[in-house]
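So the chains spell out like this:
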Amino acid sequence: MMTGQPMPRVPALPESEIQDDLRVAIQEAREERVLSATLPLKVWAHRPQVALPWLQTLRSFYRDSLLDDRLRELVRLKIASITRCSVCQTGRKSDRVSEQDIACLAHDSDHFSAPEQAALQFAEMFASDYLAIGDAQFEQLRHHFCDAAIVELTLFCALMLAGGRATLVLDAIEEQM
């Protein structure tokens, strides 16, 4: 952690105190570009039996996904803009998303393909107005995605929203490495 940065509300464990399997998984996820930062996981390491399955779930979206990496990254960045997670907003998980793409995330844009638009609208509602999600949104998603991909999109949105909010609530924000 850089000098002058606020401390997390729950202190991060030193690397030497992190359970071995979690420490290895954090390092691997960092190398795989799954993590933009490690501080949240070092805080969550107080509960390795919860942190490790969370990280394994996150890694599974990047290893075996029905959603392509560009779509996943657009959805992740859309949710990060809503949760205002600065580390999430600046980290990049896919080289297939350009700065122009990111600029267009601020509004509905025909810059994106129809499946991307449907997924982005769903992600925005999921993160900001989830009670408004109804049959119409699922019907729109079904024009572009199979049921399994819709379930994956929903779970990915949930994980991104939960991770971003937990990071912010715990003030476990660090400069991107």
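In this report, we go over the structure that sits alongside the text. This is a predicted model, so every value here is computed, not measured.

1. Things to note about the overall build of the chain
Helix and strand content of the chain: nine helices and zero strands. Ordered by position from the N terminus, the helices and strands of the chain form the series α-α-α-α-α-α-α-α-α. Its C-alpha atoms give the chain a radius of gyration of 17 Å, near enough to 16 Å, the size a compact globule of 177 residues would have. In the chain, once contacts between residues fewer than 6 apart in sequence are set aside, the share between residues at least 24 apart is 70%. Roughly 9,400 Å² of accessible area belongs to the chain as shown, and the carbon and sulfur atoms make up 53% of that amount.

2. Digging into unusual backbone geometry
Positioned with a positive phi, Arg 33 is a non-glycine residue whose angle comes to about 70 degrees. Its place among the elements puts Arg 33 in the loop between helix H1 (20-31) and helix H2 (39-44). A relative accessible area of 33% places Arg 33 in the partly exposed class.

3. Re the side chain of Arg 72
Turning to its location among the elements, Arg 72 is positioned in helix H4 (residues 69-83). For the buried Arg 72, no salt bridge exists, and the shortest N-O distance to an oppositely charged side chain is 5.2 Å, to Glu 152. Once residues within four sequence positions are removed from consideration, Arg 72 is found in contact with Phe 61, Tyr 62, Ser 65, Leu 67 and Phe 156.

4. A short note on the pattern of salt bridges
With the rule as written, the count across this model stands at 12 salt bridges. A salt bridge links Glu 28 to Arg 59; the shortest N-O distance between them is 3.1 Å. One end of the pair, Glu 28, is in helix H1; the other, Arg 59, is in helix H3 (residues 48-63), and 31 residues separate them in sequence. Given the relative accessible area of 33%, Glu 28 is considered partly exposed. Salt bridges linked by common partners bring Glu 28, Glu 32, Arg 59 and Arg 63 together as one network.

5. Some thoughts on H3
In an α-helix, one full turn covers 3.6 residues, which means residues spaced three or four apart are oriented alike. An ideal rise of 1.5 Å per residue puts 22 Å on 16 residues; H3 measures up with 22 Å between its terminal C-alpha atoms. Along H3, the positions that sit buried rather than exposed are Pro 48, Ala 51, Leu 52, Leu 55, Leu 58, Arg 59 and Phe 61. Along its buried surface, H3 packs onto H1, H2, H4 and helix H9 (147-169).

6. Examining the packing of H3 against H9
Remark: H3 packs on H9, axes separated minimally by 11 Å, with the N-to-C direction vectors making an angle of 135 degrees. As summarised for this structure, H3 and H9 are arranged oblique, according to the angle between their axes. Along this stretch, H3 crosses H9, giving a crossing that reads as left-handed. Across the interface between the two elements, Trp 54, Thr 57, Leu 58, Phe 61 and Tyr 62 of H3 pack against Glu 152, Leu 155, Phe 156, Leu 159, Met 160 and Gly 163 of H9.

Rules of the game
- Residues numbered from 1 in each chain as written.
- Predicted model: local features only at pLDDT ≥ 70, side-chain atom pairs only at ≥ 80, totals over all residues.
- Heavy atoms only, no water.
- Helix = DSSP H or I, 4+ residues; strand = E, 2+ residues; numbered from the N terminus.
- Rg over C-alpha atoms; globule rule 2.2 N^0.38 Å.
- Contact = heavy atoms within 4.5 Å.
- Areas by Shrake-Rupley, 256 points an atom, 1.4 Å probe, with all protein chains shown as cover.
- Buried < 20%, exposed > 50% of the residue type's maximum accessible area, 1.4 Å probe, protein only.
- Lys, Arg positive; Asp, Glu negative; His and termini not counted.
- Salt bridge = Lys/Arg side-chain N within 4 Å of Asp/Glu carboxyl O.
- Expected span 1.5 Å × (residues − 1).
- Axes fitted to C-alpha atoms, helices over the stretch in contact; angles between N-to-C directions.
- Parallel < 35°, antiparallel > 145°, perpendicular 65-115°, else oblique.
- Left-handed = near helix turned anticlockwise from the far one by under 90°.

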